[in-house]
Amino acid sequence: VSAKIKDGKLELEQSRFLSSGSPGEGQWIVPVTLCCGSYETRKNFLLESKSGAYDLKELLGCSIADGSDKINGTCSWIKINVDQAGFYRVKYDDSLAAGLRNATESQSLTSIDRYGILDDSFALTMARQQSLASLLTLCSAYKKELDYTVLSNLIAISYKVVKIGADANQELMS
């Protein structure tokens, strides 16, 4: 599921994710869970079509903002697939990803969600649907991470990135 904010609306579009990066056919009923700025502002619904646009004020009673906390009906981040409850990857646009990086760094998200954001980002990078720079920028948000499961995933991903770089350039290993 791809997510972006446009004109105060959350736009979601589904496409089949293949780790090869190849386009996939198909459409499903996707159980969307999302929260805005905190786990108290939460909504569940079904994405029954290929795409949908949802007014954040109507859906959650808030809008997305650049601030660090929910103030006057604005929130600084939106997390889709809360607690990794759905069997899908989420690809966030740059502004939504920036909000989640800040929420990750400030430990505003649960460890399950911090793990899921990192895992989705790595899978999208490996499928060439997201840049390596985006993944590395996200990884920098985990510098205060203490959860074993999240750290273990971060270490495994870091090792794979180094290995790919070393395979691409043998001089790096010397």
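Below you will find a few notes about this structure.

A closer look at the pattern of salt bridges
1) Next: Evaluated as defined, the whole model comprises 8 salt bridges.
2) Next: Each of Arg89, Asp119 and Asp120 takes part in one network of salt bridges that share partners.

Topic: the state of the cysteines
1) Next: Per the stated rule, a full pass over the model turns up 1 disulfide.
2) Next: Sulfur-sulfur distance for the disulfide between Cys36 and Cys75 comes to 1.9 Å. The sign of the -65° torsion about the S-S bond sets the Cys36-Cys75 disulfide as left-handed. Taken together, the residues span a long stretch of sequence, with Cys36 in strand E3 (residues 30-36) and Cys75 in strand E7 (residues 74-75) at a distance of 39 residues.
3) Next: What makes Cys75 buried here is its relative accessible area of 1%.
4) Next: No disulfide involves Cys35; its sulfur sits 8.0 Å from that of Cys36, the nearest cysteine.

Examining helix H4 (residues 132-139)
1) Next: When H4 is considered as a whole, its buried residues turn out to be Leu135, Leu138 and Cys139. The buried residues of H4 occupy one face: seen down the axis, they fall within an arc of 100°.

Description of the side chain of Thr104
1) Next: With respect to the element layout, Thr104 can be found in helix H2 (residues 94-105).
2) Next: Setting aside residues up to four positions removed in sequence, Thr104 forms contacts with Leu109, Arg114, Ile117, Ala141 and Tyr142.

Here we look at the layout of surface pockets
1) Next: A volume near 660 Å³ is recorded for the largest pocket.
2) Next: Along the wall of the largest pocket there are 26 residues; nearest its centre are Ser15, Phe17, Phe87, Tyr88 and Arg89.
3) Next: For the lining of the largest pocket, the secondary structure elements donating two or more residues are E3 and helix H3 (111-126).
4) Next: Ranked by residue count, the leading element in the lining of the largest pocket is H3, at 5 residues.
5) Next: Along the lines of polarity and charge, the residues of the lining of the largest pocket split into 11 nonpolar, 8 polar and 7 charged.
6) Next: In this structure, the second largest pocket encloses a volume near 420 Å³.
7) Next: Lining the second largest pocket are 23 residues; nearest its centre among them are Lys91, Tyr92, Asp93, Ala97 and Gln130.
8) Next: Breaking the lining of the second largest pocket down by element, the ones donating at least two residues are strand E1 (2-6), strand E2 (9-13), strand E9 (91-92), H2, H3 and H4.

Re the packing of H3 against helix H5 (residues 148-168)
For any two helices packed against each other, the geometry comes down to the angle between their axes and how far apart the axes lie.
1) Next: As a packed pair, H3 and H5 sit with axes 9 Å apart at the nearest point and diverge in direction by 15°. In terms of axis orientation, H3 runs roughly parallel to H5. The two elements H3 and H5 meet at a crossing, and its hand is left-handed. Of the residues in H5, those in contact with Ser111, Arg114, Tyr115, Leu118, Asp119, Phe122 and Met126 of H3 are Thr149, Val150, Asn153, Leu154, Ile157, Lys160 and Ile164.

Notes on the sheet that holds strand E4 (residues 42-47)
1) Next: Overall, antiparallel pairing links the 3 strands, which are arranged E4-E3-E8 in an open sheet. In this open sheet, the two strands that pair with only one neighbour each are E4 and strand E8 (78-80). Within this sheet the neighbouring strands show an average axis-to-axis angle of 25°, counted without direction.
2) Next: Examined bridge by bridge, E3 and E8 share 3 bridges and lie antiparallel to one another. Looking at the pairing, Cys36 lines up with Ile78 of E8.

Some remarks on the pairing of E3
1) Next: With 6 of 7 residues buried, E3 is to be regarded as a mostly interior element.
2) Next: The hairpin turn running from E3 into E4, its antiparallel successor, is 5 residues long, and Gly37 in that turn takes a positive phi close to 80°.

Criteria and thresholds
Residues numbered from 1 in each chain as written. Predicted model: local features only at pLDDT ≥ 70, side-chain atom pairs only at ≥ 80, totals over all residues. Heavy atoms only, no water. Salt bridge = Lys/Arg side-chain N within 4 Å of Asp/Glu carboxyl O. Disulfide = S-S within 2.5 Å. Helix = DSSP H or I, 4+ residues; strand = E, 2+ residues; numbered from the N terminus. Buried < 20%, exposed > 50% of the residue type's maximum accessible area, 1.4 Å probe, protein only. Arc of directions from axis to C-beta. Contact = heavy atoms within 4.5 Å. 1 Å grid on protein atoms, 1.4 Å probe; cavity = no way out; pocket = protein on both sides within 12 Å on 5 of 7 lines; lining within 4 Å. Points joined across faces, edges and corners; volume = space filled by probe spheres on them. Nonpolar A, V, L, I, M, F, W, Y, C, P; charged D, E, K, R; others polar. Axes fitted to C-alpha atoms, helices over the stretch in contact; angles between N-to-C directions. Parallel < 35°, antiparallel > 145°, perpendicular 65-115°, else oblique. Left-handed = near helix turned anticlockwise from the far one by under 90°. Pairing = 2+ DSSP bridges.

Keep in mind these numbers describe shape, not what the thing actually does.
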